[in-house]
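Each chain, written out:
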Amino acid sequence: MIDGSLNSVLNEEKISKALIENSVEKLNGNKRLYIFSGHCDIRKPYSNKLENIGKVRDLNGNIINGCTALGSIILDENKRNLTLSNISVQSNREPNFLSKKELKDYNENKIKDEARVQEIAKMIKDKSYHNINTVLYKHLEEQSKALKKANPELSICHVYDRGCDSVEYLEFIKEILKDDVVVRAKKTRNSQQTKINPKTNRKIKVKLIDSEFANNEIYSIEQMTMQGKKYQQVKCHIDWDTIILNEKEYRVVRVALIKKDGKPIYKDPMLLITTLKIDNYLDAKEVYHIYLHRAKIEGVFKFLKDVLGWEEYQVRDWESIKNIIAICYFIGGYFYEIESELIENETIQMICGIARNEGKITHYFFLEGLKMLLMAWHVQNFKIKHNISDEMSYKTLNNDYSQIHAYNTVSQMNTLLHISIMAVTEDQAQYVT
C-alpha cells in the first residue's frame, strides 16, 4: 500500500489532499489565515543505499545524506489554533530534479554534457522537472486556491524564513496568489540608499540592515525569554519604511532587541519584508509579532523528529520513503487536532500520568503513556499465554524485589516482564529474551 505496488495505495499526494481538505473544512469560518511554511531536512547520515538519497546539511552545516520535507501549518485569525495543512517531500538527487543553477547554465549554453542537455530539454518541454522553487510554489498554490475556493472573501498571509526573500517569491505571492506575505530578509540585501566608499571614492549601495529608516519607535518589554534565557527590561527598537523591489513597492520592518546593559540580544537586527500595510508603529509591531509565530512550525518539525521518529524509517525505495514521511506528518496533524482534548479529557490526563509527566498534558507524554500501556498489554498477554498467575508473579516479586517499597508504573511493567521471563522454562525464557 505504501510503496505503490497495490491497486489501492496510500501516497504523498493523497495525504496532502486530505490535509488540505481538512484545513478547508476546519478553517472555513475565518476571515484571515496565516500560513507558515518551511523546509525541514530529513537527515540519514549513515544511509548510503536509499533510492534517490540526496544531500542536506546537518546541524553543524556539514553536507550529509538525506532528503527534504516541505511542510505548512495554518494559524486561525486569532493566531491560536494550529492546523497541519500540507506536506511535500523531495530530494535533490531525483532524476527529474533540476536546480536553479543548472537551469540557468542550460539557458546560457554552459553545459558541456550533450546527453544532459537533451535530458534537460525534454524535462522543460514536458514540464516534468522540479526544484525547491517549483515544489514550493505548487505547495502554496494548492492551499491558497482550496481555501479561497471555499471562502472567496478570505485573506491569506504567507510567512517564511530567509530562504525565500527573493523578488521572485514575493511577486509570486503578491501577483499570482493575490495573497499577503511576511518574509525574513537576508542581511546581505541592499537598500535604495547609497554612500561613497572612502577607499575607492565610488558610490556603493547601503545594506538594508544598515540603512536609515523613515520611521522608528522604542517600546519596553519588562520580561522575556529567548532560547531558554530570561531577560529583564528589554528595549525593542522597531523601524519601518518602504522599499522598491523590481519597480514594486513593499514595506520593510527592522527590529533590534537591546538588553538593559545596552548590548543587543542578537548580533544583527531582524529584517522583515511584507506586503501588509504599515501606517504606524502598531502596524509595524504586528508584522513583527506575526513573524514570531513562525517558531510554531519549527516546534512541529521537532515533535515529528523527536516523538514520532520522522528520521527513523528503514525502507529503501523512494516512494515508500516519501509516503512514510507524509504519513508521519498526517499523524502529527491528528495530535495537534486533539490538543484541547489532551488538556481536558480525564482519560488522556491519566495516560499522560503513566509517563511520569509531573502534571504536564502534552503530545509527548500522551504518546509515551500509550507506549507504556502497550508494553503492559504485551506483558499481560504473555502471562495469559503461558499460564502465569498473579500469585506466581507476586511471589517472585516478593522474593526477588523485597528491597523495593514503592515503584512507578514503568518499573512495574519492567518488573512484570522480568518475572514473566523467570517464571517460564529456560527455553521459553531464552526465546523471550
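Within any chain, residue numbers begin from 1 and follow the written order of that chain's sequence. Local features in a predicted model are, by the rule used here, given only for residues with pLDDT of at least 70; side-chain atom pairs are given and counted only at 80 or more, and totals for whole chains, interfaces and linings are based on all residues. Side-chain numbers come from the whole structure's heavy atoms, not from hydrogens or water.

1. Considering the packing of helix α2 (residues 100-107) against helix α3 (residues 114-126)
In this analysis an axis means a line fitted to C-alpha atoms, helices contributing only their contacting stretch, and an angle means the value between N-to-C directions, from 0 to 180 degrees. Helical segments are the DSSP runs of H or I of at least four residues, strand segments are the runs of E of at least two, and each set is numbered from the N terminus. Interaxial distance between α2 and α3 falls to 11 Å at its minimum, and their mutual angle equals 105°. The orientation of α2 with respect to α3, classified from their angle, is roughly perpendicular. Facing α2, whose interface residues are Glu102, Leu103 and Tyr106, α3 presents Arg116, Val117, Ile120, Ala121 and Ile124. For the contact of α2 with α3, a count of residues per class yields 6 nonpolar, no polar and 2 charged. If an angle is under 35 degrees, it is roughly parallel; if it is over 145, roughly antiparallel; if it lies from 65 to 115, roughly perpendicular; otherwise it is oblique. The contact criterion used throughout is that any non-hydrogen atoms of two residues lie within 4.5 Å. When residue character is reported, Ala, Val, Leu, Ile, Met, Phe, Trp, Tyr, Cys and Pro are called nonpolar, Asp, Glu, Lys and Arg charged, and the others, Gly included, polar.

2. Considerations on the packing of aromatic side chains
The aromatic pairing rule takes the rings of Phe, Tyr and Trp, using the six-membered ring of Trp, and pairs them if the centres are within 6.5 Å, calling planes under 30 degrees apart stacked, those over 60 edge-to-face and the rest tilted. One pass over the structure, following the stated rule, counts 9 aromatic pairs. Residues Tyr137 and Phe172 carry aromatic rings whose centres are separated by 4.2 Å and whose planes lie at 15° to one another, so their mutual orientation is stacked. Here Tyr137, found in helix α4 (residues 132-150), pairs with Phe172, found in helix α5 (residues 167-176); they are 35 residues apart in sequence, far enough to count as distant. On the basis of an interplanar angle of 70° and a centroid distance of 6.4 Å, the ring pair of Phe303 and Phe335 is categorised as edge-to-face. Here the residue Phe303 occupies a position in helix α7 (residues 295-306), and Phe335 occupies one in helix α8 (residues 318-337), the gap between them amounting to 32 residues. Accessibility expressed as a relative area gives 8% for Phe303, which makes it buried. The buried label applies to any residue whose accessible area, calculated with a 1.4 Å probe on protein chains only, is under 20% of its type's maximum; exposed applies above 50%, and partly exposed to all values in between.

3. Some thoughts on the confidence of the model for the protein chain
One confidence number per residue, pLDDT, is output by the predictor and ranges from 0 to 100. On average, the protein chain scores 87 in pLDDT, and the residues at 70 or more come to 90%. When the criterion is pLDDT under 50, residues 401-410 qualifies, and its contacts beyond four places in sequence or with other chains add up to 11 contacts.

4. Digging into the nonpolar core
To qualify as a nonpolar core, a set must consist of buried Ala, Val, Leu, Ile, Met, Phe, Trp, Tyr and Cys residues joined through side-chain atoms within 4.5 Å. Counting 67 residues, the largest nonpolar core has Ile87, Val253, Tyr288, Trp310, Ile325 and Tyr329 as its most contacted members. Per element, the largest residue contribution to this core is 8 residues, and it comes from α8. Not counting the four nearest positions on each side in its chain, Trp310 is found in contact with Cys40, Ile42, Ala69, Ile87, Phe301, Leu304, Lys305, Ile325, Cys328 and Tyr329. If you look at the next biggest cluster of nonpolar residues, it comprises 24 residues, including Val135, Tyr169, Leu177 and Ala185.

5. Comments concerning helix α10 (residues 346-354)
By the burial criterion, the buried members of α10 are Ile348, Ile351, Cys352 and Ile354. Along the axis of α10, the buried positions cluster into a sector of 150°, meaning they face one direction only. Of the exposed residues in α10, those oriented more than 90 degrees away from the buried face are Glu346 and Met350. Pairs of N or O atoms are called polar contacts if they sit within 3.5 Å, as long as, within protein, a hydrogen donor faces a hydrogen acceptor (for residues adjacent in sequence, only side-chain-to-side-chain pairs). At the N-terminal boundary of α10, the capping side chain belongs to Asn345, with an oxygen 2.8 Å from the backbone nitrogen of Thr347. What the arc describes is the spread of directions from the helix axis to the C-beta atoms.

6. Quick word on the packing of α7 against α8
Two packed helices can be described by the angle between their axes and the distance between those axes. The geometry of α7 relative to α8 is characterised by a closest axis approach of 10 Å and an angle of 115° between their N-to-C directions. Put simply, α7 runs roughly perpendicular to α8. As for the relative orientation of α7 and α8, their crossing is right-handed in sense. From α7, Gly299, Val300, Phe301, Phe303 and Leu304 reach across to α8, where they touch Cys328, Tyr329, Gly332, Phe335 and Tyr336. Here the residues of the contact of α7 with α8 sort into 8 nonpolar, 2 polar and no charged. With the far helix as reference, a near helix turned anticlockwise by less than a right angle produces a left-handed crossing, and one turned clockwise produces a right-handed crossing.

7. Focus on the side chain of Arg116
As for its placement among the helices and strands, Arg116 is situated in helix α3. The contact partners of Arg116, leaving out residues within four places of it in the chain, are Pro95, Phe97, Leu98, Glu102, Ile111 and Met123.

8. As for a nonpolar patch on the surface
In this scheme, patches are assembled from residues that exceed 30% relative accessible area and form no salt bridge. Like charges are connected within 9 Å, while nonpolar side chains (Val, Leu, Ile, Met, Phe, Trp, Tyr) are connected within 5 Å. Per-residue and other accessible areas follow the Shrake-Rupley method at a 1.4 Å probe size, with only the shown protein chains counted as cover for residues. The term salt bridge refers to a pairing of a side-chain nitrogen on Lys or Arg with a carboxyl oxygen on Asp or Glu at a separation within 4 Å. Where nonpolar side chains cluster on the molecular surface, the patch consists of Met1, Leu6 and Leu10 and spans about 270 Å² of accessible area. Take Leu6: its relative accessible area is 49%, and that puts it in the partly exposed class.

9. Topic: α7
In this analysis, the expected span of each helix is defined as 1.5 Å times one less than the number of residues it contains. The terminal C-alpha atoms of α7 lie 16 Å apart, and with 12 residues this matches the ideal 16 Å at 1.5 Å per residue to within 8%. Summarising the contacts, the buried residues of α7 are in contact with β1 (32-43), β3 (63-75), β4 (82-90), α8 and α11 (363-385).

10. Focus: the pairing of β3
Every regular strand shows the same layout, with side chains that alternate between the two sheet faces. Buried residues dominate β3, accounting for 12 of its 13 residues. When DSSP finds at least two bridges between two strands, those strands are taken to pair. Both β1 and β3 contribute to a ladder of 10 bridges, which runs antiparallel. Counted as the bridge partner of Ser37 is Ser72 from β3. The hairpin turn running from strand β2 (residues 54-57) into β3, its antiparallel successor, is 5 residues long, and Gly61 in that turn takes a positive phi close to 85°. Where β3 and β4 come together, 8 bridges link them in antiparallel fashion. Counterpart to Leu75 in the pairing with β4 is Leu82. The antiparallel pairing of β3 with β4 creates a hairpin that spans 6 residues between the two strands, and Lys79 there sits at a positive phi of about 60°.

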